[in-house]
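# A closer look at the structure
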Amino acid sequence: MKANPWTERTAPSLDDFEQIATAAFEALPPEFKALTGSVPCAVSEFPDEETMREMELETEFDILGLFRGVGLPQGAGNPQTGQLPNQIWLYRRPILDYWAESEEGETLGEIITHVLVHEIGHHFGFSDEDMEEIEAQAAREESGALTRR
(Lines give C-alpha, C1' and ligand atoms only; values in the text may rest on other atoms or scores of the structure.)
Protein backbone atom coordinates (compact mmCIF):
# COMPACT_ATOMS: atom_id res chain seq x y z
CA MET A 1 0.00 0.00 0.00
CA LYS A 2 1.36 3.40 -1.00
CA ALA A 3 1.89 5.87 1.87
CA ASN A 4 -0.08 9.09 1.84
CA PRO A 5 2.35 11.94 1.00
CA TRP A 6 0.90 14.04 3.86
CA THR A 7 1.71 11.54 6.63
CA GLU A 8 5.38 12.52 6.75
CA ARG A 9 5.00 16.28 6.32
CA THR A 10 5.24 18.99 8.94
CA ALA A 11 3.96 22.54 8.93
CA PRO A 12 6.33 25.00 7.26
CA SER A 13 8.63 26.74 9.74
CA LEU A 14 9.17 30.49 9.98
CA ASP A 15 12.21 30.05 7.70
CA ASP A 16 10.09 28.11 5.18
CA PHE A 17 7.50 30.88 5.30
CA GLU A 18 10.15 33.51 4.67
CA GLN A 19 11.34 31.53 1.65
CA ILE A 20 7.77 31.25 0.31
CA ALA A 21 7.22 34.98 0.91
CA THR A 22 10.48 35.80 -0.88
CA ALA A 23 9.45 33.65 -3.86
CA ALA A 24 6.00 35.27 -3.84
CA PHE A 25 7.58 38.72 -3.82
CA GLU A 26 9.94 37.78 -6.66
CA ALA A 27 6.96 36.62 -8.77
CA LEU A 28 5.20 40.00 -8.44
CA PRO A 29 5.11 42.21 -11.53
CA PRO A 30 8.37 44.24 -11.80
CA GLU A 31 6.53 47.59 -11.74
CA PHE A 32 4.78 46.63 -8.50
CA LYS A 33 7.99 45.37 -6.86
CA ALA A 34 9.81 48.56 -7.88
CA LEU A 35 7.26 50.64 -5.95
CA THR A 36 8.01 48.88 -2.69
CA GLY A 37 11.59 50.09 -2.42
CA SER A 38 12.98 48.95 0.90
CA VAL A 39 9.80 48.09 2.82
CA PRO A 40 10.85 44.88 4.61
CA CYS A 41 8.60 41.87 5.09
CA ALA A 42 8.84 39.94 8.35
CA VAL A 43 7.22 36.65 9.34
CA SER A 44 5.99 36.07 12.87
CA GLU A 45 3.94 33.30 14.47
CA PHE A 46 1.21 35.71 15.61
CA PRO A 47 0.62 39.46 15.93
CA ASP A 48 2.12 41.02 19.05
CA GLU A 49 0.04 42.33 21.95
CA GLU A 50 0.29 45.94 20.74
CA THR A 51 -1.14 44.95 17.36
CA MET A 52 -3.86 42.91 19.05
CA ARG A 53 -4.93 45.99 21.05
CA GLU A 54 -4.61 48.52 18.22
CA MET A 55 -6.55 46.37 15.75
CA GLU A 56 -9.09 45.36 18.45
CA LEU A 57 -8.67 41.70 17.54
CA GLU A 58 -10.64 39.08 19.42
CA THR A 59 -8.04 36.38 18.79
CA GLU A 60 -4.57 36.23 17.32
CA PHE A 61 -6.05 34.29 14.37
CA ASP A 62 -8.13 37.30 13.23
CA ILE A 63 -5.36 38.81 11.07
CA LEU A 64 -3.17 37.27 8.36
CA GLY A 65 -0.85 40.18 7.66
CA LEU A 66 -0.34 43.83 8.40
CA PHE A 67 1.30 46.85 6.89
CA ARG A 68 2.66 48.79 9.85
CA GLY A 69 3.69 52.33 9.12
CA VAL A 70 2.52 55.25 7.07
CA GLY A 71 1.28 54.47 3.58
CA LEU A 72 2.10 56.74 0.70
CA PRO A 73 -1.45 58.12 0.51
CA GLN A 74 -1.08 59.20 4.15
CA GLY A 75 2.24 60.98 3.63
CA ALA A 76 4.92 58.32 4.01
CA GLY A 77 7.37 60.65 2.33
CA ASN A 78 7.31 62.93 5.39
CA PRO A 79 8.30 60.72 8.35
CA GLN A 80 7.69 62.11 11.82
CA THR A 81 10.29 62.10 14.58
CA GLY A 82 10.20 58.79 16.44
CA GLN A 83 8.22 57.08 13.69
CA LEU A 84 9.27 53.47 13.15
CA PRO A 85 10.15 52.42 9.60
CA ASN A 86 7.43 50.90 7.46
CA GLN A 87 7.20 47.10 7.56
CA ILE A 88 4.96 44.35 6.29
CA TRP A 89 4.15 41.48 8.66
CA LEU A 90 2.93 38.03 7.67
CA TYR A 91 1.51 35.90 10.50
CA ARG A 92 2.40 32.23 10.01
CA ARG A 93 -0.11 30.48 12.27
CA PRO A 94 -3.20 32.46 11.15
CA ILE A 95 -2.20 31.95 7.51
CA LEU A 96 -1.77 28.20 8.10
CA ASP A 97 -5.15 28.10 9.84
CA TYR A 98 -6.79 29.96 6.94
CA TRP A 99 -5.14 27.60 4.44
CA ALA A 100 -6.31 24.50 6.35
CA GLU A 101 -9.88 25.82 6.54
CA SER A 102 -10.07 27.19 2.98
CA GLU A 103 -12.49 25.47 0.67
CA GLU A 104 -11.16 27.37 -2.36
CA GLY A 105 -8.36 24.88 -3.01
CA GLU A 106 -5.71 27.60 -2.87
CA THR A 107 -2.11 26.62 -2.33
CA LEU A 108 -0.19 28.02 0.60
CA GLY A 109 1.90 30.03 -1.85
CA GLU A 110 -1.21 31.57 -3.39
CA ILE A 111 -2.49 32.62 0.02
CA ILE A 112 0.86 34.12 1.00
CA THR A 113 0.94 36.00 -2.33
CA HIS A 114 -2.59 37.28 -1.70
CA VAL A 115 -1.71 38.57 1.78
CA LEU A 116 1.55 40.10 0.56
CA VAL A 117 -0.12 41.89 -2.37
CA HIS A 118 -2.95 43.05 -0.13
CA GLU A 119 -0.59 44.58 2.45
CA ILE A 120 1.67 46.20 -0.17
CA GLY A 121 -1.43 47.38 -2.02
CA HIS A 122 -2.67 49.16 1.10
CA HIS A 123 0.69 50.88 1.38
CA PHE A 124 0.35 52.32 -2.11
CA GLY A 125 -3.40 52.95 -2.07
CA PHE A 126 -4.28 50.35 -4.72
CA SER A 127 -7.91 49.38 -5.29
CA ASP A 128 -9.13 45.81 -4.79
CA GLU A 129 -9.38 45.46 -8.58
CA ASP A 130 -5.75 46.59 -8.98
CA MET A 131 -4.63 44.06 -6.39
CA GLU A 132 -6.58 41.25 -8.07
CA GLU A 133 -4.81 42.00 -11.36
CA ILE A 134 -1.41 42.07 -9.64
CA GLU A 135 -2.14 38.67 -8.08
CA ALA A 136 -3.16 37.32 -11.49
CA GLN A 137 0.08 38.63 -13.01
CA ALA A 138 2.08 37.05 -10.17
CA ALA A 139 0.33 33.71 -10.73
CA ARG A 140 1.18 33.87 -14.43
CA GLU A 141 4.80 34.73 -13.59
CA GLU A 142 5.05 31.89 -11.07
CA SER A 143 3.47 29.48 -13.57
CA GLY A 144 5.95 30.59 -16.22
CA ALA A 145 8.86 30.19 -13.80
CA LEU A 146 7.80 26.62 -13.03
CA THR A 147 7.62 25.66 -16.70
CA ARG A 148 11.07 27.17 -17.36
CA ARG A 149 12.73 25.04 -14.66
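Preceding this section is the structure that the text describes.
Fair warning: this is a prediction, and the values are worked out from it, not measured in the lab.

## A word on the packing of helix H1 (residues 14-26) against helix H5 (residues 108-124)
At their nearest, the axes of H1 and H5 sit 9 Å apart, and the two run at 65 degrees to each other. The angle between the axes of H1 and H5 places the two elements in the roughly perpendicular class. Both H1 and H5 take part in a crossing whose hand is right-handed. Of the residues in H5, those in contact with Phe-17, Ile-20, Ala-21, Ala-24 and Phe-25 of H1 are Leu-108, Gly-109, Ile-112, Thr-113, Leu-116 and Ile-120.

## Things to note about the pairing of strand E3 (residues 87-91)
Here strand E1 (residues 41-44) runs beside E3; their pairing, made up of four bridges, is parallel. When the bridges of E3 are listed, Val-43 appears paired with Leu-90. Note: strand E2 (residues 65-68) against E3, four bridges, orientation antiparallel. Along E3, the bridge assignment pairs Phe-67 with Ile-88.

## Let's talk about the sheet that holds E3
Taken in spatial order, the three strands make up an open sheet running E1-E3-E2, and their pairing is mixed. Edge positions in the open sheet fall to E1 and E2, since each of these has one partner strand only. Here the strands of the sheet are splayed against their neighbours by 20 degrees on average, with no regard to which way each runs.

## Details of a negative patch on the surface
A surface patch of like charges, here negative, comprises Asp-48, Glu-49, Glu-50, Glu-58, Glu-60 and Asp-62. Along the polypeptide, Glu-60 turns up in the loop between helix H3 (49-54) and E2. Classification of Glu-60 as partly exposed rests on a relative accessible area of 32%.

## Points about the packing of aromatic side chains
Considering all chains together, one arrives at three aromatic pairs under this definition. Centroid distance Phe-46 to Phe-61: 5.1 Å. Interplanar angle 80 degrees. Geometry classified as edge-to-face. Of this pair, Phe-46 sits in the loop between E1 and H3 while Phe-61 sits in the loop between H3 and E2, and the two are 15 residues apart along the sequence. The class for Phe-46 is partly exposed, based on a relative accessible area of 22%. You can call Phe-61 partly exposed: its relative accessible area is 30%. Judged by centre distance (6.5 Å) and plane angle (85 degrees), the rings of Phe-124 and Phe-126 are edge-to-face. Each member of the aromatic cluster is reached from another via a ring pair, and the members are Phe-32, Phe-124 and Phe-126.

## Side note on the pattern of salt bridges
Tallied over the entire structure, the rule returns three salt bridges. Here Lys-33 and Glu-26 are joined by a salt bridge, their closest N and O atoms 3.6 Å apart.

Reading the values: the criteria
- Residues numbered from 1 in each chain as written.
- Predicted model: local features only at pLDDT ≥ 70, side-chain atom pairs only at ≥ 80, totals over all residues.
- Heavy atoms only, no water.
- Axes fitted to C-alpha atoms, helices over the stretch in contact; angles between N-to-C directions.
- Helix = DSSP H or I, 4+ residues; strand = E, 2+ residues; numbered from the N terminus.
- Parallel < 35°, antiparallel > 145°, perpendicular 65-115°, else oblique.
- Left-handed = near helix turned anticlockwise from the far one by under 90°.
- Contact = heavy atoms within 4.5 Å.
- Pairing = 2+ DSSP bridges.
- Patch = residues over 30% accessible without salt bridge, like charges linked within 9 Å, V, L, I, M, F, W, Y side chains within 5 Å.
- Areas by Shrake-Rupley, 256 points an atom, 1.4 Å probe, with all protein chains shown as cover.
- Salt bridge = Lys/Arg side-chain N within 4 Å of Asp/Glu carboxyl O.
- Lys, Arg positive; Asp, Glu negative; His and termini not counted.
- Charge placed at Lys NZ, Arg CZ, Asp CG, Glu CD.
- Buried < 20%, exposed > 50% of the residue type's maximum accessible area, 1.4 Å probe, protein only.
- Phe/Tyr/Trp six-rings, centres within 6.5 Å; stacked < 30°, edge-to-face > 60°.

Read these as layout, nothing more, since geometry by itself doesn't imply function.
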